Amino acid sequence: MADRVTVIGWDGSPLTATARAALSAATLVAGAPHHLALPEVPATAERIRLGSLALAARRIAAHRGTAVVLADGDPGFFGVVRTLRAPEFGLEVEVVPGVSSVAAAFARAGMPWDDAQVVVAHRRTLRRAVNVCRAHTKVAVLTAPGAGPAELGLLLEGVHRTFVICEALGTEREQVTVVTSDKAADHTWRDPNVVIAVGPAGAAEGDAWIAGRDPSAGPRGWALPAQAYDGPLGEGETPSLRAAQLARLGPRVGDLVWDIGCGSGAFATEAARAGAAVLAVDRDPEACARTGAAARRHGVQLQIVHGTAPHVLENLPEPDVVRIGGGGATVVSAVADRRPQRIVAHAATRDEAELVGRDLTEHGYDAECSLLQSVELDTRRWTEKERSVAFLLSGVLPDRAP
């Protein structure tokens, strides 16, 4: 095992005395080509060009001597430190951090970033990164080739964001460009780059106390009553049914949720409060307007689509989980053809529930059905005030679970 491993973050500024001392004593130096070209790298040191971090970590672990790993920015923030400290390599490291590329990008933009979401986009995570940009109004995206500003802009079709694109931070080629998301694909961007995606600003809040989105923002609790949504709820939107649907779907950050037949916007709003991106669909323009008002009242981002399912669903981006609030087995079948991880629907009668359940099963879903009954009591007289009964159907696609 290497006698000593030092990880140095480089942000384009002159190396610190600590970093220079570590480099001067190094017998092995690993980094990208622009790191290995630094004049402080000893001519006698073995050099490893970083490609596979795991392979580099194995070579460092087997080295007898003093190793230095050079990385951009802060190597402890979505960087090489995580790999080097993995149990299979057993490396203890000292870290000399630089300014992270995210901090540098926000500094160039002159913006605070304690309220920002930070995501990494590469080919496997691009869709989830886009969903975070849909759901949140300030997101920093650490991009990769094939998952850069152009791809982000194309996948955000229908959602307006302003992109602050910071290319080659800390180098002579550094450039900062501001474009709208729909224009990002019109340009060619240099790697590496960081994209800050900014949406419409919400209401000003008090002093920040936690990084990212404040989990205490908005009302406490889930499956809120009708008063929270400024009017009566539809028969498929009762708090008890909504709570069960949210529990079955489990919307989370990085997900895209379809809410088909969004009605008052109660379910869509609460899925967005969980951090998911939400497409709320309804054929009734009044329902679309009411859903938009509910989203604004609760301070969440929704994309509202006016149209009739199943036809309107054809050009929508791929969902992770779907609530079907109306349309019956025809809509269930169209949704199942898109292969989301989970689907929930409800039915008023056993025959309708059986039809939907069979449809889910025929599409390869593990289907479940429960009869939900809730009775609201008047606590002054302890008499029945309102009763609701519905069949709750859910389907989980085994090869995409959880």
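Residues numbered from 1 in each chain as written. Predicted model: local features only at pLDDT ≥ 70, side-chain atom pairs only at ≥ 80, totals over all residues. Heavy atoms only, no water.

**Q** Summarise the pairing of strand S8 (residues 162-167); cite the residues concerned and give the values.
**A** Most of S8 sits out of view: five of its six residues are buried. Note: S8 against strand S9 (residues 175-180), six bridges, orientation antiparallel. Across the sheet, residue Thr 162 finds its bridge partner in S9, namely Thr 180. In terms of strand pairing, S8 meets strand S10 (residues 193-198) through six bridges, oriented antiparallel. When the sheet's bridge partners are listed, Ile 165 is paired in S10 with Val 195. (Buried < 20%, exposed > 50% of the residue type's maximum accessible area, 1.4 Å probe, protein only. Helix = DSSP H or I, 4+ residues; strand = E, 2+ residues; numbered from the N terminus. Pairing = 2+ DSSP bridges.)

**Q** Report on the packing of helix H11 (residues 328-336) against helix H12 (residues 350-362), specifying residues and quantitative values.
**A** Taken N-terminus to C-terminus, the directions of H11 and H12 make an angle of 15 degrees; their axes are 9 Å apart at the nearest point. Of the possible angle classes, the one that applies to H11 and H12 is roughly parallel. In this structure, the crossing between H11 and H12 has a hand that is right-handed. Each of Ala 329, Val 332 and Ser 333 in H11 lies in contact with H12, whose residues at this interface are Leu 355, Val 356, Asp 359 and Leu 360. Residue classes in the contact of H11 with H12 are distributed as five nonpolar, one polar and one charged. (Axes fitted to C-alpha atoms, helices over the stretch in contact; angles between N-to-C directions. Parallel < 35°, antiparallel > 145°, perpendicular 65-115°, else oblique. Left-handed = near helix turned anticlockwise from the far one by under 90°. Contact = heavy atoms within 4.5 Å. Nonpolar A, V, L, I, M, F, W, Y, C, P; charged D, E, K, R; others polar.)

**Q** Before we move on, could you go through helix H10 (residues 285-298) and cite the residues and values that matter?
**A** Taking 1.5 Å as the rise per residue, H10 with 14 residues should run 20 Å; its terminal C-alpha atoms sit 20 Å apart, in good agreement. Turning to H10, its buried residues are Ala 287, Cys 288, Thr 291, Gly 292, Ala 294, Ala 295 and His 298. Relative to the axis of H10, the buried residues are bounded by an arc of 160 degrees and lie together on one face. Those residues of H10 that are exposed and angled more than 90 degrees off the buried face are Pro 285, Glu 286 and Arg 296. Looking at the packing, one finds that the buried side of H10 touches helix H9 (266-273), strand S12 (277-282) and strand S13 (303-306). Where H10 starts, the residue carrying a side-chain oxygen 2.9 Å from the main-chain nitrogen of Glu 286 turns out to be Asp 284. Gly 299 occupies a position one or two residues after H10 and carries a positive phi of about 70 degrees. (Expected span 1.5 Å × (residues − 1). Arc of directions from axis to C-beta. Polar contact = N/O pair within 3.5 Å; in protein donor to acceptor, adjacent residues only side chain to side chain.)

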